[in-house]
Amino acid sequence: MDELDSAIVRELQADGRQSNRALAGKLGIAPSTCLERTRLLQRRGIIQGYRAEVSFKALNRSVQAMVFTQVRPLRRDVVTSFEQSVTRLPEVVSVYTMAGSDDFLVHVTAQDIDHLHAFLLDQFTNRREIIAFRTSIIYQHLTNPVLGPLPPAE
């Protein structure tokens, strides 16, 4: 990616709904150039999509938690089955496959603490492959909305 590509990506991360004309104006380039470069970034997989960011509270998901999970046996079929089944649960936001003492980190949401507790009892304690899990409540969830490329490793 060159400087123009980086600028396009940065601007679209800040506001993915802006028009191509507005984006081109901010960057000081022709709209046709901006559209061509944006489409190329999409074809190369650098821009993977556009989405609306919705408030968890507005979706009746006031409680967030991270569930650190260990499964056994650590075989490909067990890992794949766990990943596929857990990502289909409506409470699950994301699943991270990890290295280290925990095999997965599962980001979940619930209406309240009672629902979170019931979800964990129903979905984590009844699974034979889960040998242990621990839950940490999230008080605040902050993200960096605009990411740029990091310098190459030396």
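Structure's up top.
Residues numbered from 1 in each chain as written. Predicted model: local features only at pLDDT ≥ 70, side-chain atom pairs only at ≥ 80, totals over all residues. Heavy atoms only, no water.

Trainee: For this particular structure, what's the right way to read the packing of aromatic side chains?
Mentor: For any two aromatic rings, the description comes down to two numbers: the centre-to-centre distance and the angle of the planes. The full count for this structure, using the stated rule, is three aromatic pairs. Their ring planes at 55° and their centres at 5.4 Å tell us that Phe124 and Phe133 sit as a pair that is tilted. Assessed through its relative accessible area of 1%, Phe124 is described here as buried. Through a chain of ring-to-ring contacts, the aromatic side chains of Phe119, Phe124 and Phe133 assemble into a single cluster. In this arrangement the basic side chain of Arg134 is found over the ring face of Phe68, its NZ or CZ atom lying 4.5 Å from the centre. (Phe/Tyr/Trp six-rings, centres within 6.5 Å; stacked < 30°, edge-to-face > 60°. Buried < 20%, exposed > 50% of the residue type's maximum accessible area, 1.4 Å probe, protein only. Lys NZ or Arg CZ within 6 Å of the ring centre and 35° of its normal.)

Trainee: When you look at the packing of helix α1 (residues 3-14) against helix α2 (residues 20-27) in this model, what are you seeing that I'm missing?
Mentor: When two helices pack together, their arrangement is captured by the angle between the axes and the distance separating the axes. The interhelical angle for the contact between α1 and α2, taken along N-to-C directions, is 125°, at an axis separation of 11 Å. By the angle between their axes, α1 is oblique relative to α2. Here α1 runs over α2; the crossing is right-handed. Note on element contacts: α2 touches α1 through Leu23, Lys26 and Leu27, opposite Leu4, Ala7, Ile8, Glu11 and Leu12. Classifying every residue of the contact of α1 with α2 by side-chain character gives six nonpolar, no polar and two charged. (Axes fitted to C-alpha atoms, helices over the stretch in contact; angles between N-to-C directions. Helix = DSSP H or I, 4+ residues; strand = E, 2+ residues; numbered from the N terminus. Parallel < 35°, antiparallel > 145°, perpendicular 65-115°, else oblique. Left-handed = near helix turned anticlockwise from the far one by under 90°. Contact = heavy atoms within 4.5 Å. Nonpolar A, V, L, I, M, F, W, Y, C, P; charged D, E, K, R; others polar.)

Interpretation in functional terms is not warranted from these geometric data alone.
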